[in-house]
Amino acid sequence: MRDRTDLVQVDHVSQTYSSGARQFTAIQDVSLTLAAGEFVSLLGPSGCGKSTLLRMITGLQQPTQGCVLYRGRALTGVNPRATIVFQSFALFPWLTVQENVEVALKARGMSPRLRAARALDFLDRVGLDGFENAYPRELSGGMRQKVGFARAMAVEPELLCMDEPFSALDVLSAETLRGELLELWTSGQIPTKAILMVTHNIEEAVLMGDRIVVMEKDPGRVITEVPVPLAHPRRRKAAEFQAVVDQVYALLAGQTKTEPEELGTAPGEPGRTRELPNVTVNELAGFVEHLASLHTQRTDIFRLADELHTDSDRVLRLAEAAERLGFVIVAHGDISHTPLGETFAEASIQARKEIFAARVRRVPIVNWLLTMLKSADRHELEADVVQSALGLEFPPEEAEKQLAIAIDWGRYAEVIAYDHARGVIYLEAAGMASGGGTMTRQQNA
Amino acid sequence: MLRLTTIELPFAAIGLIWNSMMSWAGGWFFLMAAEIFTVGQRDFRLPGLGAYLSEAASAGDLRAIGYGVTSLVLLVVILDQLVWRPLLSWADRFKVEFVESAEPQRSWFYDALMASRVFAWVRAHVHGCLESIEVRTQNYGRVANETKTVSAAPGVSAWMLRVGLSGGLIYGTVRAAIMLAGVPAAVWGHIALASGATLLRVMASLVLALAWTVPLGVAIGFNQRLARWCQPLVQIAASIPATALFPVFLLAILRFAHGMNVAAILLMLMGTQWYLLFNVLAGASAIPQDLKYTTALLDMGRFERWRTLILPALFPYLVTGAITSTGGAWNASIVAEYSTFAGRTVQTMGLGALISHATAEGAYPLLLASTLTMILIVTLVNGLVWRPLYRLAEERFRME
């Protein structure tokens with residue numbers, strides 16, 4: 001057992017951005033501690049601020065409120081005892097594998113002979129022996145990340161942070177690398193005292209962490225912490241393992257809400273506008289179809305990620321979108337399709353569009369857009385105008401994304417059309433659905 | 001026809017427009033030199049803004065120079081706003097990429113045009129016309145293909161054309177060779193010295209340009225807020241033709257020792273620095289955020305950071321910028337090293353001055369010899385210096 005001192009204390013930290021007159025809260029009042037000897041998974045959907053939190057913990061970014069303590073002292077700059085392994089590997093393409101590792105040691109003022117020996121030693125430990133003279137572009141994704149690990153470990157950080165380190169890898173490389181990292185960690189071959197891993201993949205969080213800090217978005221906050229009392233090596237198929245996965249899914253999906261709460265309010269109105277989940281209509285249709293094709297009415301959500309060959313983040317987003325449109329019901333980590341969902345799955349292309357159109361009108365953002373278009377001159381609005389109106393509710397990039405999703409959904413439902421060249425959104429006239437854009441526009445005028 | 005309009009033109013559009021813009025800017029640069037020039041006894045004067053500016057400069061009329069420069073700058077800015085920006089904005093649709101770029105080209109004039117009813121009407125009619133031409137040529141092509149017979153051997157006229165062309169070429173080469181043979185060795189020596197002088201000036205202008213564009217470009221490229229209000233300023237500054245300001249420059253600088261020398265380097269600099277600045281800006285903003293974080297996490301010092309991250313990342317962009325800008329500097333030497341100003345001719349030693357001088361005097365053998373020398377030097381430098389550097393940039397310093 002390693003010593004149980006607290007390495008990191010995050011003390012009531014918040015991060016707000018202002019865009020024009022509006023303020024957006026990326027992280028709201030987050031507190032957590034990380035003790036020596038711990039491997040903590042920081043889990044949450046995309047956009048919940050977990051990467052921002054990681055940057056604060058390493059001192060790359062200062063929180064707007066609260067503070068981060070490292071070994072009891074407030075961080076004022078980059079923490080020299082911490083490092084990050086990035087999803088993008090962050091290797092210098094013009095340096096060889098060995099030089100990429102050495103560069104970290106050089107910055108610490110180590111002599112050339114020593115650092116070459118140290119670099120080769122760590123490359124050997126991650127299994128990159130023989131590749132030291134290769135350039136990163138010659139390596140596969142998995143091997144590049146091994147260089148990333150070797151570089152991070154070579155400086156012997158007390159705190160190793162990882163920002164979705166396996167997300168850019170193919171399934172097999174990711175699994176191999178996870179196992180190898182766990183082996184280095186559990187066998188104590190590396191001097192690292194604690195590991196903090198950001199992920200949006202529930203199974204990965206359960207597989208690796210001793211404890212899972214679960215975050216939610218809007219605003220980014222910690223909702224709970226789940227201990228994982230399983231010994232390594234953990235087996236994914238084991239019942240205890242699946243039980244923890246199921247428990248986490250239940251936390252992130254299907255917290256029972258009333259319908260107004262579920263749908264949110266229109267932009268500009270009091271109350272919170274819930275953003276549209278970032279999924280395309282095609283994915284959504286495939287998802288509902290898959291559910292309807294299952295023999296059972298009710299399914300564990302966590303099984304779907306496997307069945308659909310995707311990760312938990314995507315499944316949760318699809319479930320949320322389908323629930324918002326009334327195609328499924330999610331409760332306590334279980335998902336079941338509604339009669340409407342079943343009808344949608346079995347309907348013809350045209351009938352599907354009609355069902356979708358009827359449901360999508362009830363979604364506040366889409367409904368708000370339709371109302372504005374109806375009262376607009378020539379029934380059209382510039383996309384920029386709509387986006388800046390959405391900007392009152394969301395940060396700029398999110399407003400852009402929301403508009404893109406609303407346009408995608410609206411186009412599929414044939415209620416909204418969009419002319420990319422002019423950047424104009426207009427109402428699709430009823431019954432003229434199949435007509436060309438210009439035709440419709442002239443009729444509206 | 002269909003292939004031309006659906007594949008070839010769209011793919012070429014962006015390159016065509018950017019190159020047209022660059023050539024356009026180059027045209028302004030030589031405005032004054034092109035509208036008034038003397039070749040031997042003959043004096044050519046074309047009515048135009050360039051001639052007006054030249055006249056004003058040789059008369060030393062500051063007010064007229066001011067008027068001329070103001071209208072030139074206005075003209076350039078207006079054309080940039082009304083022609084090039086809209087074209088670029090329009091050409092954005094031809095970008096072949098699957099990820100929407102973060103900063104699409106914007107133009108207020110293009111947006112206004114697109115929103116106007118008159119333009120929509122014109123567009124619909126032009127489009128209809130083009131459509132019918134396309135369909136007709138497509139059908140014609142099909143018919144022609146079906147009825148195509150084995151074509152006959154090249155006709156007599158084609159042969160005559162070939163013979164005529166190659167005859168002309170041979171005659172020209174022989175005449176040029178005779179002319180060059182008549183150039184005495186002493187003149188060749190002079191040309192060599194002059195080339196050296198200009199080469200030094202080109203290098204000086206490149207070094208000066210690098211010295212200020214790299215730090216500024218990196219500062220702007222790393223700072224979004226600075227970039228937002230710097231970008232338009234830089235664009236306007238870059239579109240102002242430097243030769244227009246040259247007379248004003250000369251007035252101020254000629255009083256000092258080596259005035260013409262300094263003025264020549266400055267004029268080259270003004271023509272070349274923008275290519276470099278734009279390239280540095282593009283390079284600096286293309287550095288991935290994670291790599292910047294990494295240098296911070298590794299606790300690299302300023303020197304280490306420039307050596308490990310910034311300079312290697314900029315390298316391909318610097319090479320591209322330097323190729324264009326040194327080419328431009330050689331061109332600029334022709335107007336920069338020799339100037340007729342307020343009734344007197346000021347010149348300094350250099351290949352550009354030699355070319356200008358030979359033109360003015362009508363000394364054709366010298367003109368030919370010095371022009372060929374410049375072509376040779378530029379080609380050699382491109383082949384021996386820039387091409388290998390470019391390859392190195394492609395192979396090692398590419399960000400992926």
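Okay, so let's go over this structure.

Rules behind the numbers
- Residues numbered from 1 in each chain as written.
- Chains lettered and ligands numbered in written order.
- Predicted model: local features only at pLDDT ≥ 70, side-chain atom pairs only at ≥ 80, totals over all residues.
- Heavy atoms only, no water.
- Helix = DSSP H or I, 4+ residues; strand = E, 2+ residues; numbered from the N terminus.
- Buried < 20%, exposed > 50% of the residue type's maximum accessible area, 1.4 Å probe, protein only.
- Contact = heavy atoms within 4.5 Å.
- Areas by Shrake-Rupley, 256 points an atom, 1.4 Å probe, with all protein chains shown as cover.
- Buried area = accessible area lost by both parts, 1.4 Å probe.
- Salt bridge = Lys/Arg side-chain N within 4 Å of Asp/Glu carboxyl O.
- Polar contact = N/O pair within 3.5 Å; in protein donor to acceptor, adjacent residues only side chain to side chain.
- Nonpolar A, V, L, I, M, F, W, Y, C, P; charged D, E, K, R; others polar.
- Axes fitted to C-alpha atoms, helices over the stretch in contact; angles between N-to-C directions.
- Parallel < 35°, antiparallel > 145°, perpendicular 65-115°, else oblique.
- Left-handed = near helix turned anticlockwise from the far one by under 90°.
- Phe/Tyr/Trp six-rings, centres within 6.5 Å; stacked < 30°, edge-to-face > 60°.
- Lys NZ or Arg CZ within 6 Å of the ring centre and 35° of its normal.
- Pairing = 2+ DSSP bridges.
- Expected span 1.5 Å × (residues − 1).
- Bend = angle between axes of the 7 residues up to and from the residue.
- Core = buried A, V, L, I, M, F, W, Y, C linked by side-chain atoms within 4.5 Å.
- Disulfide = S-S within 2.5 Å.

Looking now at the overall build of chain B. Tallying secondary structure elements over chain B gives 15 helices and four strands in all. The buried share among the 400 residues of chain B stands at 34%. Residue pairs in contact within chain B that sit at least 24 positions apart in sequence constitute 70% of those at least 6 positions apart. Carbon and sulfur atoms form 68% of the exposed surface of chain B, whose accessible area is close to 23200 Å².

Let us look at the interface of chain A and chain B. Counting residues at the interface gives 29 residues for chain A and 28 residues for chain B. Summed over both sides, the interface between chain A and chain B buries roughly 2500 Å², with carbon and sulfur atoms accounting for 59% of that surface. On the chain A side of the interface with chain B, the three residues burying the most area are Phe-92, Trp-94 and Arg-137 of chain A, jointly 29% of the side's total. Our count for the contact surface shared by chain A and chain B stands at zero salt bridges. For the pair chain A and chain B, the interface holds seven residue pairs in polar contact (both at pLDDT 80 or more). Among the elements that take part in the side of chain A that touches chain B, strand β6 (residues 82–86) of chain A stands out by supplying four residues, more than any other. Of the residues contributing to the side of chain A that touches chain B, the split by class is 16 nonpolar, four polar and nine charged.

A separate point is the packing of helix α8 (residues 185–222) of chain B against helix α13 (residues 302–336) of chain B. Residues and elements named next belong to chain B. Where α8 meets α13, the closest approach of the two axes is 9 Å, and the angle between their N-to-C directions is 140 degrees. By the angle class used here, α8 and α13 are oblique. Handedness of the crossing formed by α8 with α13: right-handed. When α8 is examined against α13, the residues Ser-195, Thr-198, Leu-199, Val-202, Ser-205, Leu-206, Leu-210, Val-214, Pro-215, Val-218 and Phe-222 are found in contact with a partner set consisting of Arg-305, Trp-306, Ile-310, Leu-314, Leu-318, Ala-322, Ser-325, Thr-326, Ala-329, Trp-330 and Ser-333.

A few words now on the packing of aromatic side chains. In this structure the tally under the stated criterion is 11 aromatic pairs over all chains. For the pair Phe-92 of chain A and Trp-94 of chain A, a centre-to-centre distance of 6.4 Å together with 40 degrees between the ring planes defines the contact as tilted. For Trp-94 of chain A, a relative accessible area of 2% corresponds to the buried category. Ring geometry for Phe-149 of chain A versus Phe-166 of chain A: centroids 6.1 Å apart, planes at 35 degrees, classification tilted. You can see Phe-149 of chain A sitting in helix α4 (residues 141–154) and its partner Phe-166 of chain A sitting in the loop between β7 (159–163) and α5 (171–186), a full 17 residues away along the chain. For the pair shown, Phe-149 of chain A and Phe-166 of chain A are each scored as buried. The structure contains a cluster of three or more aromatic residues connected by ring pairs, namely Phe-92 and Trp-94 of chain A together with Phe-315 and Phe-397 of chain B. Its guanidinium or amino end placed over the ring of Phe-344 of chain A, Arg-352 of chain A lies 5.3 Å from that ring's centre, counting from NZ or CZ.

With that settled, the discussion passes to the environment of Pro-267 of chain A. Here Pro-267 of chain A is to be found in the loop between α8 (259–263) and α9 (281–293). Non-local contacts of Pro-267 of chain A, meaning those with residues more than four positions away in its chain, are made with Thr-273, Pro-364, Ile-365, Trp-368, Leu-390 and Glu-393 of chain A.

Moving on: the sheet that holds β6 of chain A. Residues and elements named next belong to chain A. Across the sheet, which stays open at both edges, the six strands sit in the order β6-β7-β8-β3-β9-β10 with mixed pairing between neighbours. Because the sheet does not close on itself, it has two edges, and the strands there are β6 and β10 (221–227). Averaged over all neighbouring strand pairs, the angle between strand axes comes to 20 degrees, with direction disregarded. Two elements, β6 and β7, share five bridges in a ladder whose sense is parallel. Paired with Ile-84 across the strands is Cys-161, a residue of β7.

With that settled, the discussion passes to α13 of chain B. A rise of 1.5 Å per residue sets the reference length of α13 of chain B, with its 35 residues, at 51 Å; its end C-alpha atoms lie only 38 Å apart and thus fall more than 12% short of the reference. Along its length, α13 of chain B shows its largest kink, about 45 degrees, at Phe-315 of chain B, and proline Pro-316 of chain B lies within four residues downstream of that point.

Moving on, we get to the side chain of Gln-273 of chain B. Take Gln-273 of chain B: it is sitting in helix α11 (residues 259–285). Apart from the residues within four sequence positions on either side, Gln-273 of chain B is in contact with Ala-209, Trp-212 and Thr-213 of chain B.

Here we take up the sheet that holds strand β13 (residues 334–337) of chain A. All names here are of chain A. With antiparallel pairing, three strands are arranged side by side in an open sheet as β11-β13-β12. Because the sheet does not close on itself, it has two edges, and the strands there are β11 (298–300) and β12 (328–331). Between one strand and the next, the sheet's axes are offset by a mean angle of 25 degrees, whatever the strand orientation. Looking at chain direction, β11 and β13 are connected through three bridges and run antiparallel. Bridging from a neighbouring strand, Thr-299 pairs with Ile-335 of β13.

Residue and element names in this part refer to chain A. The geometry of α9 relative to helix α11 (residues 312–324) is characterised by a closest axis approach of 10 Å and an angle of 85 degrees between their N-to-C directions. One element, α9, and the other, α11, form an angle in the roughly perpendicular class. Contact residues: Glu-283, Leu-284, Phe-287 and Val-288 in α9; Arg-314, Val-315, Leu-318, Ala-319, Ala-321 and Ala-322 in α11.

Turning to the pattern of salt bridges, a few remarks are in order. For side chains of opposite charge, pairing can occur when their charged atoms come near one another. All chains considered together, the criterion is met by 28 salt bridges over all chains. Of the charged contacts in the structure, one is a salt bridge between Arg-201 of chain B and Glu-337 of chain B, with a shortest N-O distance of 2.5 Å. Residue Arg-201 of chain B is located in helix α8, and its partner Glu-337 of chain B is located in the loop between α13 and β3 (338–341); the two are separated by 136 residues in the primary sequence. For the pair Arg-201 of chain B and Glu-337 of chain B, one class covers both residues: buried. Overlapping salt bridges, with partners in common, bring together Glu-175, Arg-178, Glu-203, Glu-204 and Arg-236 of chain A in one network.

Okay, the nonpolar core next. All names here are of chain A. Leu-53, Phe-356 and Trp-409 are the most contacted members of the largest nonpolar core, which totals 154 residues. Of all the elements, helix α16 (residues 396–412) adds the most residues to this core, at seven residues. Setting aside anything within four residues of it in sequence, one finds Phe-356 in contact with Val-281, Leu-284, Leu-325, Phe-327, Phe-344, Trp-409, Tyr-412 and Ala-413.

Further remarks concern the pairing of strand β4 (residues 65–70) of chain A. Residues and elements named next belong to chain A. Judged from the two bridges that link them, β4 and strand β5 (residues 73–74) form a sheet pairing that is antiparallel. Among the inter-strand pairings, Tyr-70 is bridged to a residue of β5, identified as Arg-73. Where β4 hands over to β5, the hairpin turn is made up of two residues, of which Arg-71 adopts a positive phi near 50 degrees.

Leaving glycine out, the prevailing phi sign among residues is negative, and the prevailing peptide bond configuration is trans. Residues and elements named next belong to chain A. In this chain, His-232 is followed by Pro-233 through a cis amide linkage whose omega measures -5 degrees. Within the secondary structure, Pro-233 sits in the loop between β10 and α7 (239–252). Notably, Glu-156 is not glycine yet its phi reads approximately 50 degrees, a positive angle. Within the fold, Glu-156 resides in the loop between α4 and β7. The phi dihedral of Glu-414 falls on the positive side, at around 60 degrees, and the residue is not glycine. Along the chain, Glu-414 turns up in the loop between α16 and β15 (416–419). The class of Glu-414 is partly exposed, set by a relative accessible area of 23%.

What follows deals with the state of the cysteines. Using the criterion set out here, one finds zero disulfides over all chains in the structure. Of the cysteine sulfurs around Cys-48 of chain A, a residue in no disulfide, the closest is that of Cys-161 of chain A, at 15 Å.

What follows is about the environment of Val-330 of chain A. Of note, Val-330 of chain A is situated in strand β12. Along the backbone, Val-330 of chain A and Ile-301 of chain A are 29 residues apart, and their C-alpha atoms lie at a distance of 8.6 Å.

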